[in-house]
Amino acid sequence: MPKSMPQAFARNFLGNAPKWYKFAILLFLIINPIILITSGPFIAGWALIAEFIFTLAMALKCYPLPAGGLLAFEAVVIGMTSTETVFHETLKNFEVILLLIFMVAGIYFMKDFLQFTFTRILVKVQSKATIALLFCFAGAFLSAFLDALTVTAVIIAVAYGFYNVYHRYASGKDPQTSHDLTSDLALKEAERDELKQFRGFLRNLMMHGAVGTALGGVCTLVGEPQNLLISSEMGWHFIPFFLKVAPVSMPVLVVGLLTCYTLEKKKWFSYGVEMPGNIRSHLLETEIKMEAKRGHQGRAKLIIQALTGVWLIIALAMHLGAVGVIGLSVIVLLTSLNGVIEEHQLGKAFEEALPFTALLVVFFVIVAVIHDQHLFTPVIDYVLSLKGQSQLVAYYIANGVLSMISDNVFVATVYIGETKTHFVNALGALPNIGMTGAELMDKLTDPHHPRSEVLATLPQAAAEQAGALMNQLDKLAVAINTGTNIPSVATPNGQAAFLFLLTSALAPVIRLSYGRMVYLALPYTITMSITGLAATYLFL
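Worth saying up front: this structure is predicted, and the values here are computed from it rather than measured.

> Looking at this model, I keep getting lost on the side chain of glutamine 305. Mind explaining?
Looking at the secondary structure, you find glutamine 305 in helix α13 (residues 277–317). In terms of polar contacts, glutamine 305 uses its side chain to reach the backbone carbonyl oxygen of phenylalanine 109, at 3.4 Å. Those residues in contact with glutamine 305 that lie beyond four places of it in its chain are Phe109, Met110, Lys111, Asp112, Phe113, Leu334 and Asn338.

Shown next as structure tokens:
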């Protein structure tokens, strides 16, 4: 216990984070105003970016919202940006915020159906390579229409539930009593060996499923938060987004699935671990009992969830409304038809999304600093000085490398905003267009007005130049999207689904550490990143 008030304040500051981390954040907060005064806003801005990336990279020590939020708060206080700019950035991305609040919560109420799907795959299919491929493909397909975090949460719940059932059975513990799943002391030697093998089996499946969410997440505008952010900037709906990204996302999907199958068959990178026969038999018995308990009411709930999933896919594909509003319709349908009518039952659905939603607004503060201080202008100008495919490759690599060490939503937010600003200026320099570059950009990225009709209103020379500029911006937007989605599987820092898995209750149980996750992701990182790079160069 702290012996004095100063010690109490020090203990409370950033809670259980390591002391060195607390000192680092305090140091950042002290030196930032000094750097601003002595070296100017440009250097101070880059220092702030480096510090913020540090908080993202250290997400396992402390969730980035408190520490990163302090840095962002200080940036506003010392005048590196204004609350008006922050509000403008947030309002501009309101559709993304709606996605995180309502779509993630909506999918929460579909967990039973998703869990049913993955459970059936796990206990009914005999071949490990086939199970791995199905987990990877199911993760990809579901993440293309649902939310990658929720899909990952479901896979985790399935694995945790089965591990819990067998560990209690092997330890001779009653299902209702408290039990430490990380301890094997109550097990016999043979059972410990089986359990060690089972952990390896689950680690394999968790990684295949998590990578699957990245493979599917890159394909559609709802797959990852940055996809919707990019699509709203570009004026792309569901189908146009899919078609624009497909030249890169489809080859990567095929290579990702082939990598999954090859790893299992060749047993490379500690993949290919089989489920022990005794454990499979016990889990199958457990699933039969669960099916019997479900009854007519349980099966009716599953049917409603499946039909709501069909509605979700149709509504997204036909763009019947903003993504967040469609998510709200999912909440209404599933809660009303499946009898979820108490406030505390509804509240749990929003717990997963709201911390990240708050963190996203903190991202927008840093983006506001970048915008106000023109921090990325030299970088963007250099990359855009490159010509043709080299420009696209440079964008893909730059976004990929940054997304490996920081959050891919943050990287995409910065790059799409600064790139679009550059093209607004380029449009504004065109002769005889009769409007500002910003006004022309708004018209060209308005999804309700075909771009060809807008170009037809311009003088021929200006129309040709504007068309060429927008065509290149489209390609760069795809390079940003794929660059932030694909190489970011390298570490848990870049992919929210990976970080969610690493910080879950399952990770210590199946001995999934940060280093082991990076090692298991390495073959995927290599094959998917190279394929994405080649597709960007050859097909865009």
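Next comes the rest of the description.
> Please clarify how the pattern of salt bridges should be interpreted in this entry.
Once their charged atoms are close, side chains differing in charge can pair, the charge on each being opposite to the other. Inspection of the entire model under this criterion finds 4 salt bridges. In this structure, aspartate 474 and lysine 244 form a salt bridge, with 3.2 Å as the shortest nitrogen-oxygen distance. Residue aspartate 474 is found in helix α22 (residues 460–485), and its partner lysine 244 is found in helix α12 (residues 238–266); the two are separated by 230 residues along the sequence. Overall, the relative accessible area of 5% leaves aspartate 474 in the buried class. One salt bridge connects aspartate 474 with arginine 451, and the closest N-O pair in it is separated by 2.8 Å. With aspartate 474 in helix α22 and arginine 451 in helix α21 (residues 451–456), this pair connects stretches of sequence that are 23 residues apart.

> Before we go on, may I ask you to explain the nonpolar core in this structure?
Proteins that are soluble and globular tend to have nonpolar side chains buried together. If you look at the biggest cluster of nonpolar residues, it comprises 166 residues, and the most contacted ones within it are Phe118, Leu122, Phe198, Met206, Phe363, Tyr395 and Leu501. It is helix α16 (residues 354–373) that contributes the most residues to this core, 12 residues altogether. Once residues within four sequence positions are removed from consideration, phenylalanine 118 is found in contact with Phe135, Ala138, Gly139, Leu142, Val151, Val154, Ile155 and Val158.

> Honestly, helix α25 (residues 514–539) in this entry has me stumped. Any pointers?
Because an α-helix packs 3.6 residues into every turn, residues spaced three or four apart end up facing the same way. Given a rise of 1.5 Å per residue, 26 residues ought to cover 38 Å, and the 35 Å separating the end C-alpha atoms of α25 matches this to within 8%. Within α25, burial applies to Met517, Leu520, Ala521, Pro523, Tyr524, Thr525, Met528, Ser529, Thr531, Gly532, Ala535 and Thr536.

> Sorry, what's going on with the packing of α12 against α22 here?
Each pair of packed helices gets described by two things: the angle between the helix axes and the distance between those axes. Contact pair α12 / α22: the axes reach a minimum separation of 10 Å and the direction vectors enclose 70 degrees. With respect to α22, the element α12 is oriented roughly perpendicular. With respect to the hand of their crossing, α12 and α22 are arranged in right-handed fashion. Facing Phe241, Lys244, Val245 and Val248 of α12, the residues of α22 in contact are Asp474, Val478, Asn481 and Thr482. Across the contact of α12 with α22, the residue classes break down as 4 nonpolar, 2 polar and 2 charged.

> Is there a simple way to think about the packing of helix α11 (residues 225–234) against α22 in this case?
Where α11 contacts α22, the axes come no closer than 10 Å and their chain directions differ by 175 degrees. Relative to α22, α11 is oriented roughly antiparallel. Touching Gln226, Asn227, Ile230 and Met234 of α11 are Leu473, Asp474, Ala477, Ile480, Asn481, Thr484 and Asn485, all from α22. Grouping the constituent residues of the contact of α11 with α22 by class yields 5 nonpolar, 5 polar and 1 charged.

> Teacher, can you tell me more about the packing of aromatic side chains here?
Given two aromatic rings, their pairing is described by the distance between the two centres and the angle made by the two planes. For the coordinates displayed, the defined rule picks out 11 aromatic pairs. A centroid spacing of 5.8 Å and a plane angle of 20 degrees characterise the contact between tyrosine 21 and phenylalanine 54, whose relative ring orientation is stacked. In this pair, tyrosine 21 is assigned in helix α2 (residues 19–39) and phenylalanine 54 in helix α3 (residues 41–57), connecting sequence segments 33 residues apart. Owing to a relative accessible area of 0%, tyrosine 21 belongs among the buried residues under this scheme. Residue classification places phenylalanine 54 among the partly exposed positions, given a relative accessible area of 22%. Taking 6.1 Å as the distance between ring centres and 65 degrees as the angle between the ring planes, the aromatic pair formed by tryptophan 236 and phenylalanine 241 counts as edge-to-face. Tryptophan 236 sits in the buried class, given a relative accessible area of 7%. Among the aromatic side chains, those forming a connected cluster through ring pairs are Trp20, Tyr21, Phe28 and Phe54.

> Explain the state of the cysteines to me, please; I cannot follow it from the model alone.
Each disulfide is one covalent bond, formed between the sulfur atoms of two cysteines. Summed over the entire model, instances satisfying the criterion amount to 0 disulfides. Looking at cysteine 136, it has no disulfide partner, and the nearest cysteine sulfur is the one in cysteine 260, 4.5 Å off. Residue cysteine 136 is classed as buried on the basis of its relative accessible area of 0%.

> I tried to follow helix α19 (residues 408–428) on my own but got confused; where do I start?
Between its first and last C-alpha, α19 extends 30 Å over 21 residues, near the 30 Å set by a 1.5 Å rise per residue. Among the 21 residues in α19, 16 count as buried, and that is most of the element.

> What is the right way to look at the environment of valine 365 in this model?
With respect to the helices and strands, the residue valine 365 is situated in helix α16. With a relative accessible area of 10%, valine 365 lands in the buried category. Sequence separation between valine 365 and threonine 81 is 284 residues; the distance between their C-alpha atoms is 7.8 Å.

> Even after reading the chapter, I still don't get a nonpolar patch on the surface, so can you show me in this structure?
Among the surface-exposed residues, Val310, Trp311, Ile314, Met318, Leu320, Leu333 and Leu337 lie close enough to one another that they form a single nonpolar patch of about 640 Å² accessible area. When residues of the nonpolar patch are traced back to their parent elements, those giving at least two are α13 and α14 (323–337). Ranked by residue count, the leading element in the nonpolar patch is α13, at 3 residues. On the secondary structure map, tryptophan 311 appears in helix α13. Tryptophan 311 sits in the partly exposed class, given a relative accessible area of 31%.

> Would you explain the environment of asparagine 227 in this entry?
With respect to the helices and strands, the residue asparagine 227 is situated in helix α11. Residue asparagine 227 is classed as buried on the basis of its relative accessible area of 0%. It is 9.5 Å that separates the C-alpha atoms of asparagine 227 and valine 478, two residues lying 251 residues apart in sequence. Contacts of asparagine 227, omitting those with residues within four sequence positions, involve Gly217, Val218, Thr220, Leu221, Phe241, Asn481 and Asn485. For asparagine 227, the side chain forms a polar contact with the main-chain oxygen of threonine 220, separated by 2.7 Å.

> Help me out: how do you make sense of unusual backbone geometry in this one?
Trans is the common state for peptide bonds, and a negative phi is the common state for residues other than glycine. Positive phi, close to 60 degrees, is recorded for asparagine 432, a residue that is not glycine. For asparagine 432, the position within the fold is in the loop between α19 and α20 (437–444). Notably, arginine 511 is not glycine yet its phi reads approximately 60 degrees, a positive angle. As for its position among the elements, arginine 511 is in the loop between α24 (506–509) and α25. On the basis of relative accessibility, which here comes to 31%, the residue arginine 511 falls in the partly exposed class.

Cut-offs applied
- Residues numbered from 1 in each chain as written.
- Predicted model: local features only at pLDDT ≥ 70, side-chain atom pairs only at ≥ 80, totals over all residues.
- Heavy atoms only, no water.
- Helix = DSSP H or I, 4+ residues; strand = E, 2+ residues; numbered from the N terminus.
- Polar contact = N/O pair within 3.5 Å; in protein donor to acceptor, adjacent residues only side chain to side chain.
- Contact = heavy atoms within 4.5 Å.
- Salt bridge = Lys/Arg side-chain N within 4 Å of Asp/Glu carboxyl O.
- Buried < 20%, exposed > 50% of the residue type's maximum accessible area, 1.4 Å probe, protein only.
- Core = buried A, V, L, I, M, F, W, Y, C linked by side-chain atoms within 4.5 Å.
- Expected span 1.5 Å × (residues − 1).
- Axes fitted to C-alpha atoms, helices over the stretch in contact; angles between N-to-C directions.
- Parallel < 35°, antiparallel > 145°, perpendicular 65-115°, else oblique.
- Left-handed = near helix turned anticlockwise from the far one by under 90°.
- Nonpolar A, V, L, I, M, F, W, Y, C, P; charged D, E, K, R; others polar.
- Phe/Tyr/Trp six-rings, centres within 6.5 Å; stacked < 30°, edge-to-face > 60°.
- Disulfide = S-S within 2.5 Å.
- Patch = residues over 30% accessible without salt bridge, like charges linked within 9 Å, V, L, I, M, F, W, Y side chains within 5 Å.
- Areas by Shrake-Rupley, 256 points an atom, 1.4 Å probe, with all protein chains shown as cover.

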